[in-house]
Amino acid sequence: MTSARKVHIKSFGCQMNVYDSHRMADTLAPEGFRETPRAEDADLIVLNTCHIREKAEEKVFSELGRMRTLKEAAASVGRRVMIAVAGCVAQAHGREIVRRAPTVDLVVGSQNYHRLPALIARAERGGALVDTEFPIEDKFGVLRPPSRAAIRARGVSAFVTVQEGCDKFCTFCVVPYTRGAEASRPVVKIIEETERLAQAGVREITLIGQNVNAYHGQGPDGRAWPLARLLARIGEVRGIARMRYTTSHPRDMKTGLIAAHRDLPGLMPYLHVPAQSGSDHVLSRMKRRHTRADYLDTITHLRAARPDMAFSSDFIVGFPGESERDFENTLSLIDEVGFAGAFSFKYSARPGTPAAEMPDQIGEDAKSERLYRLQAAIDRNSAAFNARCLGRTLEVLFEKPGRHPGQIVGRSPYLQAVQVMAPQSLIGKIAAVTITEVSSNSLFGSLARAAEAAGD
Ligand code: SF4
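Source: prediction; values computed, not measured. (Residues numbered from 1 in each chain as written. Predicted model: local features only at pLDDT ≥ 70, side-chain atom pairs only at ≥ 80, totals over all residues. Heavy atoms only, no water.)

Quick look at helix α2 (residues 54-76) now. Helix length check: α2, at 23 residues, gives a terminal C-alpha distance of 34 Å against a target of 33 Å (1.5 Å per residue), a fit within 8%. Turning to α2, its buried residues number three or more, namely Ala56, Glu57, Val60, Phe61, Glu63, Leu64, Met67, Leu70, Lys71 and Ala74. The elements touched by buried residues of α2 are β1 (5-11), β3 (44-49), β4 (82-86), α3 (87-93) and α4 (95-100). Of the residues trailing α2, glycine 78 is marked for its positive phi of about 80°. (Helix = DSSP H or I, 4+ residues; strand = E, 2+ residues; numbered from the N terminus. Expected span 1.5 Å × (residues − 1). Buried < 20%, exposed > 50% of the residue type's maximum accessible area, 1.4 Å probe, protein only. Contact = heavy atoms within 4.5 Å.)

Listed below in structure tokens is the structure:
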């Protein structure tokens, strides 16, 4: 099959799904599929789904309703459209998806999407297909690499998956069931992928994994390398000026990794470390394996290693058994750390997880009220952090043209969007910017000195 067809891939949820969607597109490209941003134009629609919260899952089924209408409209003019569901909902529900949404032609799990070309060919011959068994082969060994053009189209900042799955089994989480046991990619493969990205113009790499700081991939010396050592090696790749990693578990913030924040100038001083709660009672019921004191201790050590560190986090409100006092401990943790940003969610019971069976579930009204107060605390801390950036000079990696003529937009070390009146030739480069104005979701500034493209 080589004739030009169009694929529309819609990603839900986390950065790992964004990465997987890119790899699906790369794997389908040699089969003649070109990506389209419009589902209406597509011959193949892939929904790459998220199962972490009930709301995310419901979104997928409502999206499938819309896709059915598109499919029927195309069929009425003699055009065949195939619909595939991939990702964590596919992994968790398998054949149940086809039963609930018969418009679906193919269900493919998170570990099986390297088989997409063969699965599509089989599904075309008729009948809905479901492939969610964990495969024997490693998908990364089979996936096609992105073309230079695809890398450039995705911008100067790229994700690289280094680790998948999780062995922690927090009582609220489906990841250990949908993504399987912790597995790390070998160092050599990660470096090859990073070099390819850097040669096509990528300047910033974010290493991703469900539990990225548990990374222990095989190094070229045959030994298991920890994340700190991998980061040091990636810092040597020509052209890579910035590194980040996400998502981390507080328990796996080991001494060597904390020291990497002191020793590696390319490692950005902004770290996402999910706390989930500030109450030891709730943390223990979540089986998080860290206490509030452990968490604060880790933050203190990171700040000692690199004083300009800032932090973001995830919080769940209304976990079963969470009292008002527990919740207030979460609010006080937010103020104590002074997070630059955070994601917050109402607890939603995921079938099959231990927390879903806990008897003391919290009512929706109480959850909504706590979420409102939590988000106010996060917003207050985030605004204070942004305000402290006023007058500072920050290194900005420019990514694209801005909304106004003559403006370009980039990211600060803290992932804030920074808008500057400057030449487009700076896109893909890093320049020092003095921050002159701060709004709720952007910083504005002016070039502090002539741009220097690190690594050039
Ligand atoms: S560490 Fe993260 S991915 Fe693993 S079970 Fe806990 S919440 Fe889920």
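Still more ground to cover, so stick around.
The next subject is the confidence of the model for the protein chain. Detailed conclusions should not be drawn from predicted coordinates in areas where pLDDT is low. Confidence in the prediction for the protein chain averages 93 pLDDT; 98% of positions are at 70 or higher. Confidence drops under pLDDT 50 across residues 451-456; counting only partners more than four residues distant or on other chains, this segment forms 15 contacts. (pLDDT = per-residue confidence, 0-100.)

Turning our eyes to something else, we now look at helix α13 (residues 292-305). Here α13 contains 14 residues, and its C-alpha end-to-end distance of 20 Å stays within 8% of the 20 Å for a straight helix at 1.5 Å per residue. All of the buried residues in α13 are Arg292, Tyr295, Leu296, Thr298, Ile299, Leu302 and Ala305. On its buried face, α13 sits against α11 (255-263), β12 (270-272), α12 (280-285), β13 (310-317) and α14 (324-337).

One ladder, built from six bridges, connects β13 with strand β14 (residues 341-346); its direction is parallel. Bridge assignment links serine 312 to a residue of β14, and that residue is glycine 341. Crossover connection from β13 via α14 to parallel β14: handedness right-handed. (Pairing = 2+ DSSP bridges. Right-handed = clockwise from strand over helix to strand, strands pointing away.)

Along the chain, lysine 10 turns up in strand β1. Lysine 10 sits 90 residues away from arginine 100 along the chain, and the two C-alpha atoms are 20 Å apart. When sequence neighbours within four positions are dropped, the list of residues in contact with lysine 10 reads Val46, Leu47, Asn48 and Glu63.

Turning next to the site of the ligand. Residues in contact with the ligand, as listed here, are Cys166, Lys168, Phe169, Cys170, Phe172, Cys173, Val175, Pro176, His249 and Arg288. Grouping the amino acids of the shell around the ligand by side-chain chemistry returns seven nonpolar, one polar and two charged. (Near = heavy atom within 4 Å. Nonpolar A, V, L, I, M, F, W, Y, C, P; charged D, E, K, R; others polar.)

Turning our attention to the sheet that holds strand β6 (residues 129-131). Reading across from one edge, β2-β1-β3-β4-β5-β6 is the order of the six strands in this open sheet, with parallel pairing throughout. At either end of the open sheet lies a strand with only one pairing partner, and these are β2 (33-35) and β6. With strand direction ignored, the average angle separating the axes of adjacent strands in the sheet is 20°. Inspection of the sheet shows β4 paired to strand β5 (residues 106-108) by three bridges, in the parallel sense. From the neighbouring strand, alanine 84 faces β5, where its bridge partner is leucine 106. Of the strands in this sheet, β1, β3 and β4 touch α2, which is tilted by about 180° from β3. (Axes fitted to C-alpha atoms, helices over the stretch in contact; angles between N-to-C directions.)

A word on the environment of serine 446. With respect to the helices and strands, serine 446 occurs in strand β19 (residues 443-447). Residue classification places serine 446 among the partly exposed residues on the basis of a relative accessible area of 36%. Considering only alpha carbons, one finds serine 446 and threonine 330, 116 residues apart in sequence, at a separation of 38 Å. Residues contacting serine 446, with those up to four places away along its chain left out, are Val420, Ala432, Val433, Thr434 and Thr436.

On to the packing of aromatic side chains, then. Counted by the stated rule, this structure contains seven aromatic pairs. Their ring planes at 75° and their centres at 5.6 Å tell us that phenylalanine 169 and tyrosine 177 sit as a pair that is edge-to-face. Overall, tyrosine 177 belongs to the partly exposed group, its relative accessible area being 42%. The interplanar angle of 75° and the centroid separation of 5.3 Å between the aromatic rings of phenylalanine 319 and tyrosine 347 together place this pair among those described as edge-to-face. (Phe/Tyr/Trp six-rings, centres within 6.5 Å; stacked < 30°, edge-to-face > 60°.)

Okay, the pattern of salt bridges next. Under the criterion given, the structure shown has 39 salt bridges. Residues glutamate 204 and arginine 244 are paired through a salt bridge, measuring 3.2 Å at the closest nitrogen-oxygen approach. Here glutamate 204 is found in strand β10 (residues 204-208), whereas its partner arginine 244 is found in strand β11 (residues 242-246), with 40 residues between them in sequence. In terms of burial, glutamate 204 and arginine 244 fall into one category: buried. (Salt bridge = Lys/Arg side-chain N within 4 Å of Asp/Glu carboxyl O.)

Right, let's get into the sheet that holds β13. As summarised here, the arrangement of the three strands in space is β12-β13-β14, forming an open sheet in which the pairing is parallel. The sheet terminates laterally at β12 and β14, the two strands that pair on one side only. In this sheet, neighbouring strand axes are inclined to one another by 15° on average, regardless of whether the strands run parallel or antiparallel. Packing of helix α15 (residues 364-389) onto the sheet brings it into contact with β13 and β14, and relative to β14 it is tilted by some 175°.

Right, let's get into the environment of phenylalanine 33. Relative to the elements of secondary structure, phenylalanine 33 occurs in strand β2. Here phenylalanine 33 falls in the buried class, since its relative accessible area comes to 5%. A C-alpha to C-alpha distance of 8.6 Å links phenylalanine 33 and leucine 44, two positions 11 residues apart in sequence.

For the rest of this paragraph, the subject is the nonpolar core. Core analysis: the largest hydrophobic core is formed by 53 residues, its most contacted members being Leu207, Leu227, Leu230, Leu231, Tyr245 and Phe311. Contacts of phenylalanine 311, omitting those with residues within four sequence positions, involve Tyr270, Leu271, Val273, Ile299, Leu302, Arg303, Val337, Phe339, Ala340 and Gly341. (Core = buried A, V, L, I, M, F, W, Y, C linked by side-chain atoms within 4.5 Å.)

What follows concerns the pairing of strand β15 (residues 393-401). Across five bridges, β15 lies against strand β18 (residues 430-438) in antiparallel orientation. Bridge pairing in β18 links leucine 397 to isoleucine 430. One ladder, built from four bridges, connects β15 with strand β16 (residues 407-411); its direction is antiparallel. Counterpart to phenylalanine 398 in the pairing with β16 is glycine 410. Taking the residues between adjacent antiparallel strands as the criterion, β15 and β16 are bridged by five residues, where glycine 406 takes a positive phi near 85°.

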